[in-house]
Amino acid sequence: MVDAAVLGAGSWGTTFAKALADGGAETVLWARRPEAAREIDESRRNTRYLPGITLPASLHATSDVREALADASQVYLAVPSQQLRQLLREHGGAVRDDAPVVSLMKGVEAGTRLRMSEVIAEELQIDAGRIAVVSGPNLALEIAQEHPTAAVVASSSPMTAREVAKRARNDYFHSFINTDVIGTEFGGVLKNLVALAIGIVDGVGYGENTKASIITRGLAEVTDFAVAHGAEPQTMSGLAGLGDLIATCGSPLSRNFTAGRLLGMGYSRTDVIARMEQVAEGLASVDPVAQLAAAKGVRMPILEQVRLVLDGAMDPRDIAPHLTTDDEPIEE
Ligand SMILES: NC(=O)C1=CN([C@@H]2O[C@H](COP(=O)(O)OP(=O)(O)OC[C@H]3O[C@@H](n4cnc5c(N)ncnc54)[C@H](O)[C@@H]3O)[C@@H](O)[C@H]2O)C=CC1
Ligand SMILES: O=C(CO)COP(=O)(O)O
């Protein structure tokens, strides 16, 4: 029996597994590629995703997903959002009946527009109270370097949130709890879209006023969207909302910021996707989030402009913290 299994040995799965192990949890990390599992186990390194980081000796890695799941009293999922359903469909049967299942992911499924906790509930057919999500200002490399950081664990069951938060903490990583799964998940999804916008204006060469305007109006947009879908407004001013916006929009470590920057420099969507070596979830979330917003009648001008730039229908230099077609001043 191990305390935790983490599925996905990219930058976040590996970092989170390290954080769990550093907090004293006996942890197993599943890597799809056997050579990646071997490198982690034998050299204590994941050079492709976390260069320069030495992983704890107590962290075990495997490329056998069923072995990882069979003995785990908690399960953490950290694969790209578009890949989750297939993974659970193939191997979800190996999850123990009593294990909480925790999403570390920040995307929505493109075809269904579902959040990751909803995909988990559908595929594993488990009660919502066994599902938790973790979000917050959590740039993986900084946490792997043990910079002090906070996150929030959300579950409709306060007991599950507490159980997960007690495991997912150590000297440099602290987990708060809440019961607003919708707000916590959407905070993580939507900040990626604002980070794309910030990257675009950075790539164009605009300065801090432009960025602060977009972040502030972006937070209003994100809050309107999330609340329309059932989130608590205060979640959006917490770690999973404002906290993650600040971290992601302000750091070249962010893959969404980086993807936006390339768009702002004039690369096309296809070129950007080809150049990204890690997942930038925002690229796949733009369309489903726009569809969800339209269904609820939520106005999202910044998201719309990102979409137009991605589609090659707007010059990145024209992106602004408002719709350029607004003739009448509107209330802040
Ligand atoms: N890296 C970060 O700073 C943070 C990332 N996240 C979220 O964590 C999730 C995972 O992202 P990262 O680890 O950063 O991505 P990544 O690009 O660094 O790694 C993705 C991992 O998933 C694996 N993978 C790809 N397709 C797969 C499949 N079909 N089945 C199984 N494994 C597959 C890849 O081999 C790789 O190990 C994303 O939703 C991201 O938004 C959340 C917080 C922080
Ligand atoms: O979620 C993150 C920070 O909280 C990581 O952001 P990126 O996916 O843009 O790198």
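In short, a report on the structure. These numbers were taken from a predicted model, which means no experiment stands behind them.

Rules used in this analysis
- Residues numbered from 1 in each chain as written.
- Chains lettered and ligands numbered in written order.
- Predicted model: local features only at pLDDT ≥ 70, side-chain atom pairs only at ≥ 80, totals over all residues.
- Heavy atoms only, no water.
- Helix = DSSP H or I, 4+ residues; strand = E, 2+ residues; numbered from the N terminus.
- Buried < 20%, exposed > 50% of the residue type's maximum accessible area, 1.4 Å probe, protein only.
- Contact = heavy atoms within 4.5 Å.
- Near = heavy atom within 4 Å.
- Polar contact = N/O pair within 3.5 Å; in protein donor to acceptor, adjacent residues only side chain to side chain.
- Areas by Shrake-Rupley, 256 points an atom, 1.4 Å probe, with all protein chains shown as cover.
- Pairing = 2+ DSSP bridges.
- Axes fitted to C-alpha atoms, helices over the stretch in contact; angles between N-to-C directions.
- 1 Å grid on protein atoms, 1.4 Å probe; cavity = no way out; pocket = protein on both sides within 12 Å on 5 of 7 lines; lining within 4 Å.
- Points joined across faces, edges and corners; volume = space filled by probe spheres on them.
- Parallel < 35°, antiparallel > 145°, perpendicular 65-115°, else oblique.
- Left-handed = near helix turned anticlockwise from the far one by under 90°.
- Nonpolar A, V, L, I, M, F, W, Y, C, P; charged D, E, K, R; others polar.
- Domains from an automatic or database assignment.

## Digging into the environment of I177
Relative to the helices and strands, I177 resides in strand β8 (residues 173–178). Look at I177 and you get partly exposed, because its relative accessible area is 38%. Spatially, the C-alpha atoms of I177 and V164 are 9.1 Å apart, while their sequence positions differ by 13 residues. Residues contacting I177, with those up to four places away along its chain left out, are V152, V153, A161, R162 and A165.

## Here's the deal with the site of ligand 1
Lining the immediate surroundings of ligand 1 are 23 residues, of which S11, W12, A140, R255 and E281 lie closest. In this structure, W12 approaches ligand 1 through a main-chain N or O atom, which is 2.9 Å from an oxygen atom. With respect to ligand 1, the side chain of R255 contributes an N or O atom lying 2.9 Å from an oxygen atom. In the complex, 88% of the free accessible area of ligand 1, which totals 830 Å², lies under the protein chains.

## Topic: the sheet that holds β8
Spatial ordering of the open sheet is given by β3-β2-β1-β4-β5-β6-β7-β8, a layout of 8 strands whose pairing is mixed. Strands with a single pairing partner mark the edges of an open sheet, and in this sheet they are β3 (60–62) and β8. Sheet twist, expressed as the average angle between the axes of neighbouring strands with direction ignored, equals 25°. Bridge count between strand β5 (residues 101–103) and strand β6 (residues 131–135): 3 bridges; the pairing is parallel. Residue S103 lies in a different strand from β6, and its bridge partner there is V133. Each of β1 (4–7), β2 (27–30), β4 (75–77), β6 and β8 touches helix α1 (residues 11–22); the most contacted strand, β2, lies at about 170° to it.

## Some details on empty space enclosed by the protein
Enumeration according to the criterion identifies 2 cavities of 30 Å³ or more in this entry. In this structure, the largest cavity encloses a volume near 50 Å³. What lines the largest cavity is simply L190, L193, V194, G218, E221, V222, M300, I302 and L303. If you list the elements that add at least two residues to the lining of the largest cavity, you get α8 (181–204), α9 (208–228) and α14 (301–310).

## Looking at the packing of helix α4 (residues 84–91) against helix α5 (residues 116–124)
Packing of α4 against α5 brings their axes to within 10 Å, and their N-to-C directions diverge by 25°. As summarised for this structure, α4 and α5 are arranged roughly parallel, according to the angle between their axes. Between α4 and α5 lies a crossing of right-handed hand. On α5, the residues that touch L84, R85, L88 and R89 of α4 are M116, V119, I120, E122, E123 and L124. A breakdown of the residues in the contact of α4 with α5 according to their chemical character gives 6 nonpolar, no polar and 4 charged.

## Quick look at the layout of surface pockets
In this structure, the largest pocket encloses a volume near 1400 Å³. Considering the residues around the largest pocket, the lining is formed by 49 residues, among which G10, S11, Y49, R255 and V279 are closest to the centre. Grouping the amino acids of the lining of the largest pocket by side-chain chemistry returns 23 nonpolar, 15 polar and 11 charged. Split by domain, the lining of the largest pocket shows at least three residues from each of two domains, domain 1 (4–179) and domain 2 (182–318).

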